[in-house]
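Residues per chain are reported as follows:
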Amino acid sequence: MPILERLNGPRPERWPAFNSPVRSTALTARIGRVLGICFGICFVTGMLSYYQYAPWSWLPEPASPVWLYRFTQGLHVATGTATIPLLLVKLWSVYPNLFRWPAVRSLKHAAERLSVFVLISTALVQLTTGYLNTLNWYPWPWDFVSVHRFLAYVLIGSILLHVGLKLPDIKYGLEADLATADVLTEIPWSENPLAHSNAGDVPPPPTPALSRRGVLVAGAAGLGAVVVTSVGQTVTPLEPIGLLAVRQWTKGPQGVPVNKTADQAGIIAEASSGDWRLHVAGRTPYVLTLADLDELAQAEAQLPVTCVEGWSVGAHWRGIPLLEVVRRAGGDASSRVRVVSLEQGLYGNSVVVGPQVSAALLATHLNGERLNLDHGYPLRLISPNRPGVLNTKWLTSVEVT
Ligand SMILES: Nc1nc2c(c(=O)[nH]1)N[C@H]1C(S)=C(S)[C@@H](COP(=O)(O)O)O[C@H]1N2
Ligand SMILES: [Mo]
């Protein structure tokens, strides 16, 4: 069969008897195309998120559109979640290949199998840990952010290699009709070992209960169900059916979920003390009380809180423009500003530069009420088009340089 030799190298001697005629290159290629698009979007939006998380000093993140990070991170989590059912259907559609014999038929075939092994193992770890991360659950000792990024490079590299090596099959599969016989995956009945096992009357191959089109429809339904029940964490109208969306905006005080409570941060006493002051350091240092802040807090803004873990919600804020605080300390829109929390540690401070200095707010009020202690009372940073993790809560000082 020349086309087979051309596409797949030497033909395997033995084919698994359990290979269902529902599987075909046309089916696998179609699932693979959607899976590839989802992986691609997930990779690009993931890289964008890393940039937002730690922007390059020569390219500070823009302050508008204010919803951009909310959109790209929502897309990242939605496409990442969508790849889970897609990957499972894709694996189901090809796994009998593992049982073809001989296991390695040429150098190209060996390289192909190795890249597939790396691809599958990386994808399974990446998707599982990524999904657990959206649940705000980190049951492992390593640093999620760096491991997630490292695996993303390995995964996208092995996908590109896999696509490159499989290009002729992909081309054949996408051009092939879904309904017709497949020279790459189907065992001609005459060559099937089962057909020769008992001489005489051999029953024809069983008619599958599900068509290939049926598999595609079932896969699309699985993808749709998973996405629709998880995007409620960011597409707020879908919240009521958010079975898989754990972080729901109705579940937090003042209509906004809380990632870390004041109790967990261990700052309740200091934050609620009457002695609280905001210390501003700069060319002309000064101190503000909460009463001073209230007098100044006349700016209002509609800005979303967008957590890297995938939930986001629009909110109405009132506070002081950061730029005003900076100017009083002798700085200006080009200053580098560091806001510092009462809470020490990883999320205890945030550096604001570039367009964000003019766009960020030091908020005292959320959705028409004084900030709840869990949302950062007495004062927090809120900035547009930035990951939530950079919007430091429970501020104690602002450093202008
Ligand atoms: N000091 C401090 N600020 C913080 C955090 C924190 O753990 N400590 N969590 C951040 C994260 S991850 C997010 S998503 C937002 C969420 O704000 P919220 O809890 O008011 O919704 O706060 C950010 N600010
Ligand atoms: Mo977050």
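Residues numbered from 1 in each chain as written. Chains lettered and ligands numbered in written order. Predicted model: local features only at pLDDT ≥ 70, side-chain atom pairs only at ≥ 80, totals over all residues. Heavy atoms only, no water.

**Q** What exactly am I supposed to notice about the site of ligand 1 here?
**A** Neighbouring residues of ligand 1: 19 residues in total, closest Pro 257, Glu 343, His 375, Arg 380 and Lys 393. Between a nitrogen atom of ligand 1 and a side-chain N or O atom of Ser 341, the distance comes to 3.3 Å. Lys 393 is positioned with one of its side-chain polar atoms (N or O) 2.6 Å from an oxygen atom of ligand 1. For ligand 1, whose accessible area on its own is 520 Å², the fraction buried by protein is 98%. For the shell around ligand 1, the residue count by class is nine nonpolar, six polar and four charged. (Near = heavy atom within 4 Å. Polar contact = N/O pair within 3.5 Å; in protein donor to acceptor, adjacent residues only side chain to side chain. Areas by Shrake-Rupley, 256 points an atom, 1.4 Å probe, with all protein chains shown as cover. Nonpolar A, V, L, I, M, F, W, Y, C, P; charged D, E, K, R; others polar.)

**Q** How do you make sense of the pattern of salt bridges when you look at a structure like this?
**A** Applying the stated criterion across every chain yields a total of eight salt bridges. When the shortest N-O distance is used, the salt bridge between Asp 169 and Lys 166 registers 3.8 Å. We classify Asp 169 as buried; its relative accessible area is 8%. Assessed through its relative accessible area of 18%, Lys 166 is described here as buried. Here the residues in one salt-bridge network are Glu 112, Lys 166 and Asp 169, joined through shared partners. (Salt bridge = Lys/Arg side-chain N within 4 Å of Asp/Glu carboxyl O. Buried < 20%, exposed > 50% of the residue type's maximum accessible area, 1.4 Å probe, protein only.)

**Q** Explain the packing of aromatic side chains here, please?
**A** One pair of aromatic rings is described through two measures. These are the centre distance and the angle between the planes. Scanning the entire structure with this criterion turns up nine aromatic pairs. Taken together, a centroid distance of 6.4 Å and an interplanar angle of 70° make the contact between Phe 43 and Tyr 153 edge-to-face. Of this pair, Phe 43 sits in helix H2 (residues 25-53) while Tyr 153 is found in helix H5 (residues 144-165), placing the two residues 110 residues apart along the sequence. Among the aromatic residues, ring-to-ring pairing joins Tyr 138, Trp 140, Trp 142 and Phe 144 into one connected group. We note Arg 149 situated over the ring of Tyr 50; from NZ or CZ to the ring centre the distance is 4.4 Å. (Phe/Tyr/Trp six-rings, centres within 6.5 Å; stacked < 30°, edge-to-face > 60°. Helix = DSSP H or I, 4+ residues; strand = E, 2+ residues; numbered from the N terminus. Lys NZ or Arg CZ within 6 Å of the ring centre and 35° of its normal.)

**Q** Is there a simple way to explain the layout of surface pockets in this structure?
**A** Here the idea is plain: a probe the size of a water molecule rolls over the atoms and shows the empty space left. In this structure, the second largest pocket encloses a volume near 1,000 Å³. Forming the boundary of the second largest pocket are 38 residues, of which Lys 90, Val 94, Val 116, His 162 and Lys 166 lie nearest the centre. Among the secondary structure elements, those contributing two or more residues to the lining of the second largest pocket are H2, helix H3 (68-94), helix H4 (107-134), H5 and helix H6 (167-175). Here the lining of the second largest pocket gets eight residues from one element, more than from any other, and that element is H2. Considering only residue class, the lining of the second largest pocket consists of 18 nonpolar, 11 polar and nine charged. (1 Å grid on protein atoms, 1.4 Å probe; cavity = no way out; pocket = protein on both sides within 12 Å on 5 of 7 lines; lining within 4 Å. Points joined across faces, edges and corners; volume = space filled by probe spheres on them.)

**Q** Got a minute to help me understand the pairing of strand E4 (residues 312-321) in this structure?
**A** The side chains of a regular strand alternate between the sheet's two faces. In this structure, strand E3 (residues 299-306) lies alongside E4, joined through eight bridges in antiparallel fashion. Paired with Ala 299 across the bridge in E4 is Gly 319. Hairpin geometry of E3 and E4 is characterised by an intervening segment of five residues between the two adjacent antiparallel strands and by a positive phi of about 115° at Gly 310. (Pairing = 2+ DSSP bridges.)

**Q** For this particular structure, what's the right way to read the sheet that holds strand E1 (residues 278-281)?
**A** Strand pairs in the sheet, formed through backbone hydrogen bonds, run parallel or antiparallel to each other. What the five strands build is an open sheet, ordered E2-E1-E10-E5-E6; its pairing is mixed. Two strands in the sheet have a free side with no partner beyond their single neighbour: strand E2 (286-288) and strand E6 (349-352). Shown here is a sheet whose adjacent strand axes are inclined to one another by a mean of 15°, direction ignored. With three bridges connecting them, E1 and strand E10 (residues 395-400) associate as parallel partners. By the bridge assignment for E10, Ala 281 is matched with Glu 399. (Axes fitted to C-alpha atoms, helices over the stretch in contact; angles between N-to-C directions.)

**Q** Sorry if this is basic, but what is going on with the nonpolar core here?
**A** Within soluble globular proteins, side chains that are nonpolar tend to cluster in buried spots. Core analysis: the biggest nonpolar cluster contains 32 residues, and Leu 278, Val 280, Leu 362 and Val 398 have the highest contact counts within it. For this core, the elements supplying multiple residues, two or more each, are helix H9 (262-265), E1, E2, helix H11 (290-296), helix H12 (322-328), strand E5 (337-341) and E10. When residues of this core are assigned to their parent elements, the largest contribution, four residues, is made by H12. With residues near it in sequence (within four places) discarded, Leu 278 still touches Tyr 286, Val 287, Leu 288, Leu 362, Leu 379, Leu 395, Thr 396, Ser 397 and Val 398. The next biggest cluster of nonpolar side chains, apart from the first, holds 25 residues, and it includes Leu 27, Leu 35, Leu 119 and Leu 155. (Core = buried A, V, L, I, M, F, W, Y, C linked by side-chain atoms within 4.5 Å. Contact = heavy atoms within 4.5 Å.)

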